[in-house]
Amino acid sequence: MEGMYLIARIADQPVALPAASVGSVIEIDAIVPVPRVEAHVAGLFALRSRILTVIDSRVVLGLTPIERGPHMAAVVVTVDDHGYALLVDAVEDVVEASRPAPCPAILEGYWRAFAAGVVRRGEDAVLLLDLPAMIAGRLPQAA
Amino acid sequence: MDDLLTDFISETRETLDAIAGEIVAWEADPTDRTRLDAIFRFVHTVKGSCGFLDLPRLQRLSHAAEDVLADLRSGNRTADAALVTAVLAVIDRIGELTDAIESGEPLSDEGEHGLIAALAANASAPSAPVQPVPQAALPTRSVSRSIRLPVELLDRMMASVSDMVLARNDLAQRLREIEPSGPLNAAFERLSHCVGDMREAITRSRMARIDTLFALLPRMVRDLASELGRKAVLEVDGGDVELDRELIEMIRDPLVHLVRNALDHGIELPEARRAAGKAETGLLRIVARQAGNQILIEVQDDGRGIDPDRVLQRAMAAGLVQAEQASGMSRARKLELVFLPGLSTAASVTSISGRGVGMDVVRANLERIGGTVDIESRIGHGVRLTLRVPLTLTIIPALTVSSAGSYFAIPRSVIEGIVRAGGCAARIERIGGALAVTLRGAHLPVLDLGRFMGLADEPAAPQLLVVLRTGAGDRFALAVDAVHDHQELVVKPASPLLMASGIYAGTTLPDNSRPMLLLDVAGIAAAAGVHTAVQIQEPAEEPEERAILLPSLLFRDLDGATRAVRLPLVERIYDVPVEGVVAAGGARLLAHKGRVSTLHAAGPLPTEGTIRVLRLSDGAAMLHYAIDEVIDIVDLEAALAPVPVAGPIAGVALHQDLPVEVLDAHWLFASAVRTDAEQARPLCLVADADDPWAREVLTPLLDMAGYRVSFASEAPEGRVAVIVASGETPAGVEAPVIRLRSGPERERPDDDSIYRYDRDGLLRALQARVAAGG
């Protein structure tokens, strides 16, 4: 099954998200921090009248946080009626790619936990992210 | 049906709903001019419209009512109970006719002439009372009946208007930068104003105050109570909580059913209540409030309660519960059985509450909107049902505070007050490494918001304290840097990642367009480990017996009996020469070291030599008690077996399995003072002369505390120093009033009543009022 995927970059690693799950791609200028929540929750952002919970994808993957600045790239998704903005290093493209296949490589730690497979963009294999797992920030249950 | 008629029907309906509360209030006080005017305006408007809409029956009814109300306004007639009932009957009829016009169903005009005749000045009590059709028979009407809209459309409107507000704010910012000319400014102001109006209107289209639901209750309770022969008063709180209209509609029927149940099965007939020692008038309390990410609606009555075992029996008899399940079933679980379909605990299913809607439907309706209903009950004391409705979209009046640069919103419903820290009004002290503040005699823990949130270290001294009270009754003070404005905020549910912290109730976007979190004060209290008191709204109980031991002096008295006195009262023990004792005016006095004081002796004094005395002091006065010899200092129970007669003995405690009489210091001091200055005792007027509690429990307490007691029904002898009342205060007496309430928990933050069993609180308040009065 072919499909449309959003290609983004997290720490030099290209990642893919099903385009159908993505609401929009935005630039965030300021995040309101939320105390006493898990580390991967960067805070809140208001997109027009909608309040989104901002998630730092690098923190989810055990990496150093995304650099804060006036032009942070984020992917807006909706899970269970709640809106989230997933901070990434860059958003590249929306492409057509082949259906996801299991990861061929032996992934390291965090990547293994949050990848749902790979999709092929031309020659390259791009990791498909497990969106609900990324948002929860927790390592998903063993299948 | 043409537009004019539709408009008339909507408007008439709306006004009828709006004045429902006014009508009941007017009945309670027919001399209330404002209410009378409101009702007059209503019938006047109806009459006016009827003319050109050609509605002769409505016109006749409204015209007749208008005439009577005009007479009342001008003073040509006075309102008596019969007239009030007649007017209400006519207004009810107007409502029914309006419904009938809309539905197109014919409505018989039987009895209508009777209704109008009852308004006449010389109308005798109708032989067949014209009953207004009970609300139960009326078709349930929904608030949104005049127009239907898909909810998504409304949501789109809301989102667009919010965007418009943001764009307006953006424009305002840019205009400030260029310093606009007069006309440009004026044009922007106009646009801004329109945007604000629109925002409010759109928000109102989605939300409504829960008051729209509560407004129909007073009338319903009044009618039902009179129909069932009950006396009941309805107390409603939290009407300004706002809810999604959709949700309000869905809880309308369950709420109405619960109220009916409370009146039909809960609150007993007046004679039964009297026999049970309760006030004849039952209390029905309905309270709405926000808690965490839910709206709570409590329906509480002080009726006969539900017996969990009886419910279990009926459930088993109906085959809904098997014997194996029954054993080991907890009390709470048994009570929950009332929600099983097909179960009725009433001896007979009455036409009032047995019809159509059952407790199972109530629960199903709540669950359909993602809510729940819980039940608590104490046999003989009443039932409390708690409906929980999820906070999908609500408007909450909230206060904005900030600490360390971060802003948070606190729902106004949990705020008791704001005080500036320091000074004698709010003294801060450090206890065991934590901060506490003393406010009006109460010690409250202080939680620094910045530190709790990990935003800053604790400042040297807290500046502003927001005094909070959770739904459970825990009170504490939140130290913040600043308090900002007070807005009505649209609150939306926060994502699970935020809710996991346990301290947030939702997110909101205030006017400055910066997302803000609404704090869950109960969650914060739990996370910070704050527990000042856990109070459950329960009817007054007897003060619990505590297995506390108090150090007491054990002695042998002059008549050979072993007695004891609480050690703190004993100032000194010494011997005095018996010559110092004189009999005077029926009492014994002791002259010792230049001072004369009362001497109590339970037996004959020796005629020569010395006697051993205890010098007892209550801090102010002093007296002596003659004894034979001291035995020991022992710990005795604080709880005493009472003695039937007031006197020098307070009660009996057990020491090594032998009974020991314990001296009643209060009586001793009271009788000592009495001989000295009977008239100096302040006069306390107890307003509730008919209340057996006031006579049996309150009066002896006041008497022992040194007050003379007089009842409102008698003429007071002397100047009244203070009035103690649970209900109304007598007219014509100028004196400070102390209000008593029957429950331990205050109902509103500004309630200054005292719990009737708070002995210390009551005595302190009496002292303060009397001292202030001079």
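Residues numbered from 1 in each chain as written. Chains lettered and ligands numbered in written order. Predicted model: local features only at pLDDT ≥ 70, side-chain atom pairs only at ≥ 80, totals over all residues. Heavy atoms only, no water.

This next bit is on the pairing of strand β30 (residues 658–663) of chain B. All names here are of chain B. Relative to β30, strand β20 (residues 562–566) is paired through two bridges, and the arrangement is parallel. Bridge pairing links R563 to E661 in β30. By the bridge criterion, six bridges tie strand β29 (residues 649–655) to β30 in an arrangement that is antiparallel. Across the sheet, the residue bridging to G651 is V662, located in β30. (Pairing = 2+ DSSP bridges. Helix = DSSP H or I, 4+ residues; strand = E, 2+ residues; numbered from the N terminus.)

The next subject is the environment of A:D124. Residues and elements named next belong to chain A. With respect to the helices and strands, D124 occurs in strand β10 (residues 124–129). Using a relative accessible area of 42% as the deciding quantity, one classes D124 as partly exposed. When the C-alpha atoms of D124 and P14 are compared, they prove to be 9.6 Å apart, with 110 residues separating the residues in sequence. (Buried < 20%, exposed > 50% of the residue type's maximum accessible area, 1.4 Å probe, protein only.)

The subject of this paragraph is the nonpolar core. Counting residues in hydrophobic clusters, the biggest one holds 62 residues, and the most contacted among them are B:I410, B:L468, B:F476, B:L478 and B:L519. One finds B:L247, B:A262, B:I369 and B:I375 within the second-largest nonpolar core, a separate group that totals 48 residues. (Core = buried A, V, L, I, M, F, W, Y, C linked by side-chain atoms within 4.5 Å.)

With that out of the way, let us pick up the packing of aromatic side chains. Following the criterion strictly, the structure yields three aromatic pairs over all chains and no others. On the numbers, 6.1 Å between centres and 80° between planes, the contact of B:Y755 with B:Y757 is edge-to-face. With a relative accessible area of 18%, B:Y755 lands in the buried category. Using a relative accessible area of 21% as the deciding quantity, one classes B:Y757 as partly exposed. Connected via pairs of aromatic rings, a cluster forms that spans B:W693, B:Y755 and B:Y757. Positioned above the aromatic ring of B:F452, the side-chain terminus of A:R36 is 3.9 Å from the ring centre. Its guanidinium or amino end placed over the ring of B:F339, B:R363 lies 4.0 Å from that ring's centre, counting from NZ or CZ. (Phe/Tyr/Trp six-rings, centres within 6.5 Å; stacked < 30°, edge-to-face > 60°. Lys NZ or Arg CZ within 6 Å of the ring centre and 35° of its normal.)

Residue-level contacts link 19 residues of chain A with 26 residues of chain B. Both faces combined, the contact of chain A with chain B buries some 1,800 Å², and carbon together with sulfur accounts for 70% of it. When residues of chain A are sorted by the area they lose upon contact with chain B, A:P35, A:R36 and A:S49 head the list and together hold 34% of the total. Along the contact surface separating chain A from chain B lie zero salt bridges. Only β4 (41–47), β5 (50–56), β7 (82–88) and α3 (131–136) of chain A provide two or more residues apiece to the side of chain A that touches chain B. Broken down by element, the residue count for the side of chain A that touches chain B peaks at four residues, all from β4(A). (Contact = heavy atoms within 4.5 Å. Buried area = accessible area lost by both parts, 1.4 Å probe. Salt bridge = Lys/Arg side-chain N within 4 Å of Asp/Glu carboxyl O.)

A few words now on the pairing of strand β7 (residues 382–390) of chain B. Residue and element names in this part refer to chain B. With seven of nine residues buried, β7 is to be regarded as a mostly interior element. Pairing of strand β5 (residues 294–301) with β7 involves eight bridges; the strand directions are antiparallel. Its bridge partner lying in β7, V299 is registered against L385. Bridging between strand β6 (residues 372–378) and β7 involves seven bridges; their strand directions are antiparallel. Paired with V373 across the bridge in β7 is L387. Taking the residues between adjacent antiparallel strands as the criterion, β6 and β7 are bridged by three residues, where G380 takes a positive phi near 85°.

Let us look at the side chain of B:R363. All names here are of chain B. Among the secondary structure elements, R363 is positioned in helix α15 (residues 359–368). On the basis of relative accessibility, which here comes to 19%, the residue R363 falls in the buried class. The contacts of R363, once residues within four sequence positions are left out, are E336, F339 and V373.

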